[in-house]
Amino acid sequence: MEKKENAISVKVNSSDMVSELTDRAVELISLSRNAIEKNVNKVQTAANFLLGAWIVEVQQEGNERAFYGKEVIKQLSANLTERLGKGYSTETLKNWRKFYLTYRDRIGKPVVSLFDADAKDKPAVSFSGDDFPFQLSWTHYLILMRIERPEERDFYEKEAVKRGWGKRELQRQYNSSL
């Protein structure tokens, strides 16, 4: 009878261990997924910034608008949609351009050099952690770019980062004139 009691207690302990391991695994997987999501957002935001820079600095020669700008945006949109699928409307490309124009002071060196054909083996984004110039998601910046006054936009951006606001909370706070 003693052997059965020991076997039962081992199963109970084993079950507790598996339960604890499961809890820890779920926590680690959740943390990993959050880290991946944040990095994907950072890379996407940086890519949008770089593409906006390329449109402004190369195609428009540094001007906010080029006389042929609408056609370039329209054709680029059509080409990207043909090659990559949905998500590259003219409105999206205009947002990339606006993003660069709004936040171009964030990155000191010219970012256009990152489009150099010889630099294909180098990462387009080399920022990490707190050094990264954009701490929020692309969707956050779409909301922030609608705010005309730079000091007001900066305030809401800093608050969103500090308080961990999602895009809906950022929009709600802005709409309520925090």
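For the structure itself, look to the data block above.
Residues numbered from 1 in each chain as written. Predicted model: local features only at pLDDT ≥ 70, side-chain atom pairs only at ≥ 80, totals over all residues. Heavy atoms only, no water.

J.: Which parts of the structure should I look at to understand the overall build of the chain?
T.: Along the chain, the regular secondary structure elements total 6 helices and 0 strands. Listed by position from the N terminus, the elements making up the chain come as α-α-α-α-α-α. Across the chain, every contact between residues at least 6 apart in sequence was considered, and the portion connecting residues at least 24 apart equals 62%. Total accessible area on the chain is roughly 12900 Å²; 52% of this is exposed by carbon and sulfur atoms. (Helix = DSSP H or I, 4+ residues; strand = E, 2+ residues; numbered from the N terminus. Contact = heavy atoms within 4.5 Å. Areas by Shrake-Rupley, 256 points an atom, 1.4 Å probe, with all protein chains shown as cover.)

J.: I keep staring at the packing of helix H5 (residues 150-163) against helix H6 (residues 167-175) and nothing clicks. Help me out?
T.: The packing of two helices is summarised by the inter-axis angle and the distance between the axes. As a packed pair, H5 and H6 sit with axes 11 Å apart at the nearest point and diverge in direction by 135°. In terms of their interaxial angle, H5 and H6 are classed as oblique. The chirality of how H5 crosses H6 is right-handed. Judged by residue contacts, Glu152, Tyr156 and Ala160 of H5 engage Leu170, Gln173 and Tyr174 from H6. Across the contact of H5 with H6, the residue classes break down as 4 nonpolar, 1 polar and 1 charged. (Axes fitted to C-alpha atoms, helices over the stretch in contact; angles between N-to-C directions. Parallel < 35°, antiparallel > 145°, perpendicular 65-115°, else oblique. Left-handed = near helix turned anticlockwise from the far one by under 90°. Nonpolar A, V, L, I, M, F, W, Y, C, P; charged D, E, K, R; others polar.)

J.: Is there a simple way to think about the nonpolar core in this case?
T.: Most often, soluble globular proteins keep nonpolar side chains buried together rather than apart. Formed by 28 residues in total, the largest nonpolar core has its most connected members in Phe49, Phe99, Tyr103, Phe134, Tyr141, Leu144 and Leu170. Mapped onto this core, the elements with two or more residues apiece are helix H1 (2-59), helix H2 (69-84), helix H3 (90-103), helix H4 (138-144) and H5. (Core = buried A, V, L, I, M, F, W, Y, C linked by side-chain atoms within 4.5 Å. Buried < 20%, exposed > 50% of the residue type's maximum accessible area, 1.4 Å probe, protein only.)

J.: I keep staring at H3 and nothing clicks. Help me out?
T.: Each α-helix turn comprises 3.6 residues. Residues three or four places apart therefore point the same way. When the terminal C-alpha atoms of H3 are compared, their 20 Å separation across 14 residues agrees well with the 20 Å that a helix rising 1.5 Å per residue should span. For H3, the set of buried residues is Leu93, Trp96, Arg97, Phe99, Tyr100 and Tyr103. Down the axis of H3, the buried set is contained in an arc of 155°. They therefore lie on one face. (Expected span 1.5 Å × (residues − 1). Arc of directions from axis to C-beta.)

J.: How do you make sense of the side chain of Glu157 when you look at a structure like this?
T.: Examined against the element boundaries, Glu157 turns out to sit in helix H5. Exposure remark for Glu157: the relative accessible area of 7% places this residue in the buried category. Setting aside its immediate chain neighbours within four residues, Glu157 contacts Tyr103, Arg106, Leu136, Tyr141 and Leu144.

J.: Just to check I follow, could you spell out the pattern of salt bridges for this structure?
T.: A pair can form between side chains of opposite charge whenever their charged atoms are brought close. Throughout the structure, instances matching the rule amount to 7 salt bridges. Notably, a salt bridge pairs Arg149 with Glu151, separated by 3.6 Å at the nearest N-O pair. We classify Arg149 as partly exposed; its relative accessible area is 47%. Measuring nitrogen to oxygen at the nearest pair gives 3.6 Å for the salt bridge that ties Arg149 to Glu152. (Salt bridge = Lys/Arg side-chain N within 4 Å of Asp/Glu carboxyl O.)

Bear in mind that shape data such as this cannot, by itself, settle questions of function.
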